[in-house]
Amino acid sequence: MGGELRYEIGQTAYIKLVLHALKHKTAAVNGVLLGRLSDGDAVEIADAVPLFHSHLGLLPPLEIALLQIEEYYGAQGMAIVGYFHANERFNDFELSNVARNIGDHVHRYFPQAALLLLDSKKLEALPKGKDRSPVMQLYTKDSSKSWKQVGSDGSSRFSIKEPSANIVLLDYISTQKMQDMVDFDDHLDDISKDWLNPELGK
Amino acid sequence: MVSKTEEAQVNRLENQVDNGGGGAWEYLCLVRKLKLRRSDKVLKHGLSILNEPSKRSSLGHEEWTLYEQVAIAAMDCQCLDVAKGCITVLQKKFPDSKRVGRLEAMLLEAKGSWSEAKKAYSSLLEDNALDQVIHKRRAAMEKAQGNLSGAIECLNKYLEIFMADHDAWRELAEIYVSLQMYKQAAFCYEELILCQPTNPLCHLAYADVLYTVGGLENLQAAKKYYASVIDLTGGMNTRALFGICLCTSAIGQLTKGRNKEEKESLGLQSLAATALEKDYKQRAPSKLSLLSSTLRSLKLS
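Residues numbered from 1 in each chain as written. Chains lettered and ligands numbered in written order. Predicted model: local features only at pLDDT ≥ 70, side-chain atom pairs only at ≥ 80, totals over all residues. Heavy atoms only, no water.

## Quick word on the overall build of chain B
Part 1 of the argument: Across its full length, chain B holds 17 helices and zero strands.
Part 2 of the argument: Dimensions along the principal axes, computed over C-alpha positions, put chain B at roughly 75 × 45 × 30 Å.
Part 3 of the argument: Evaluated residue by residue, chain B yields a buried proportion of 43% over its 301 residues.
Part 4 of the argument: Between the averaged position of the 40 positive side-chain charges in chain B and that of its 36 negative side-chain charges there is a distance of 5 Å. (Helix = DSSP H or I, 4+ residues; strand = E, 2+ residues; numbered from the N terminus. Buried < 20%, exposed > 50% of the residue type's maximum accessible area, 1.4 Å probe, protein only. Lys, Arg positive; Asp, Glu negative; His and termini not counted. Charge placed at Lys NZ, Arg CZ, Asp CG, Glu CD.)

Quick look at the structure:
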């Protein structure tokens with residue numbers, strides 16, 4: 001499962017996830033990845049919905065979020081293809097139990113599911129270099145039924161669709177665009193806030 | 001935990017100050033009072049006052065409180081030079097002060113000099129064993145180093161002495177939730193509800209934990225606590241309304257065939273569903289159809 005599959009994340013999805021993490025620097029945050037399997041050899045992550053920035057381990061808000069998200073994106077031919085997690089601490093690269101459990105749940109319905117972990121060191125170094133690769137680590141569940149990191153050997157199995165995405169990201173960061181990010185937590189506190197973040201779409 | 005009105009007030013002030021409309025001191029006092037963590041704003045606006053001699057002197061003796069607040073914000077933003085600057089000013093004004101000593105130890109923490117910070121806190125505690133801030137810094141240091149079980153141990157010891165500290169109970173509960181130790185988290189929220197029985201946020205968190213643990217008894221209890229949140233907030237809490245629907249649905253699944261249970265719970269669920277639909281229609285019309293299908297799937301499952 002997920003043997004030689006490539007994973008490609010679209011710019012919109014990528015930026016939404018990183019901006020969400022930057023909006024809540026002192027907390028762990030998470031989100032879901034939406035997309036599809038394309039031509040049987042790649043997982044296309046076309047969009048993302050930022051979920052929560054507090055109490056990530058509680059079920060009720062997660063269940064409501066997933067119901068609404070599946071309904072909305074299902075109508076567009078997309079499924080939940082993965083999960084994103086950013087740890088609370090800067091140099092924490094461990095997959096927490098919460099991340100694994102939610103990842104497992106997504107994997108049950110989409111065996112090629114991608115588990116993305118924010119790489120804060122890479123993110124911090126972004127302005128200093130010309131790195132085009134995503135500031136995230138990719139994990140997939142292999143046949144041994146555990147989450148293993150993919151592409152850490154420098155292979156290009158995980159990439160951003162648009163090559164200039166990191167430049168756009170840095171631009172958004174400098175204009176404090178993360179303050180506009182709405183996650184599901186914000187929606188539940190004020191339903192007039194839209195978790196689709198339409199103004200960040202193409 | 002701040003209420004919605006308090007948060008709106010702070011945000012309004014923050015916007016005002018950000019856009020040059022003045023009110024920086026008012027904003028800083030409010031952030032301090034509500035114990036919010038908005039370090040980048042505090043640093044920016046605090047420094048704008050401290051760096052202007054006329055603004056600084058107009059504060060009178062509150063000037064030193066501001067130095068302390070800015071020092072802590074600077075440490076949080078890793079602007080250690082600014083922090084050192086503020087602490088030096090305070091050291092000159094209050095030599096041999098324990099409160100300034102605490103700030104010096106916090107600076108060691110910010111630098112990542114954990115063992116030195118630990119030593120500094122221990123020696124400060126020798127003279128004042130009941131300093132709550134220092135006790136909690138020790139728990140914070142464990143957490144910062146990723147030692148969650150150490151943080152839990154520190155907090156538990158702390159709460160044996162200072163059992164009325166809401167913030168500590170809440171922090172402990174959140175650490176338990178992040179480790180999926182829900183039963184222990186539930187205990188913390190029970191203590192919080194005892195301390196603050198009219199705070200709906202405690203009831204809500206407790207209900208969420210009970211639902212997450214699951215099982216018929218917990219689901220029924222969760223439903224009661226969601227109901228009390230609705231009671232305490234006059235029906236204005238979206239999370240609690242959803243909670244009722246989730247609980248009813250989950251209880252229904254567990255008690256299939258027991259007619260009495262189903263009839264009792266349907267009334268409350270349909271009230272909650274109606275309230276949600278009314279609210280979404282008014283404030284989030286684009287999401288109304290999504291809401292309706294979500295509620296439909298909860299009624300059927």
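## Topic: the interface of chain A and chain B
Part 1 of the argument: Listed per partner, the contact involves 28 residues of chain A and 31 residues of chain B.
Part 2 of the argument: Taken as a group, A:Leu58, A:Pro60 and A:Ile191 account for 22% of the area that chain A buries against chain B, more than any other trio of residues on that side.
Part 3 of the argument: Note that B:Arg239 and A:Asp189 form a salt bridge whose closest N and O atoms lie 3.1 Å from each other.
Part 4 of the argument: Applying the counting criterion to the chain A and chain B interface returns 13 residue pairs in polar contact (both at pLDDT 80 or more).
Part 5 of the argument: Looking at the side of chain A that touches chain B, the elements that each hand over two or more residues are helix H2 (59–74), helix H3 (97–109) and helix H6 (184–189) of chain A.
Part 6 of the argument: Ranked by residue count, the leading element in the side of chain A that touches chain B is H2(A), at nine residues.
Part 7 of the argument: Tallied by class, the residues present in the side of chain A that touches chain B amount to 12 nonpolar, eight polar and eight charged. (Contact = heavy atoms within 4.5 Å. Buried area = accessible area lost by both parts, 1.4 Å probe. Salt bridge = Lys/Arg side-chain N within 4 Å of Asp/Glu carboxyl O. Polar contact = N/O pair within 3.5 Å; in protein donor to acceptor, adjacent residues only side chain to side chain. Nonpolar A, V, L, I, M, F, W, Y, C, P; charged D, E, K, R; others polar.)

## Remarks on the UniProt feature "domain: MPN" (unreviewed entry) in chain A
Part 1 of the argument: Following the UniProt record, one finds the feature "domain: MPN" (unreviewed entry) at residues 7–140 of chain A.
Part 2 of the argument: The distance separating the terminal C-alpha atoms of residues 7–140 of chain A is 10 Å; by composition the span is 36% helix and 30% strand. (UniProt positions renumbered as here; feature names shortened; annotations may be inferred.)

## Let's talk about the UniProt feature "repeat: TPR" (unreviewed entry) in chain B
Part 1 of the argument: Following the UniProt record, one finds the feature "repeat: TPR" (unreviewed entry) at residues 166–199 of chain B.
Part 2 of the argument: Annotation note: span residues 166–199 of chain B, helix share 79%, strand share 0%, distance between end C-alpha atoms 11 Å.

## Describing the confidence of the model for chain B
Residue and element names in this part refer to chain B.
Part 1 of the argument: Taken as a whole, chain B shows an average pLDDT of 92; of its residues, 96% reach a score of 70 or greater.
Part 2 of the argument: Of all secondary-structure elements in chain B, the lowest mean pLDDT belongs to helix H16 (residues 259–283), at 82, while helix H13 (residues 200–213) reaches the highest, 97.
Part 3 of the argument: Scored by ipTM, the complex comes to 0.93, with pTM at 0.92. (pLDDT = per-residue confidence, 0-100.)

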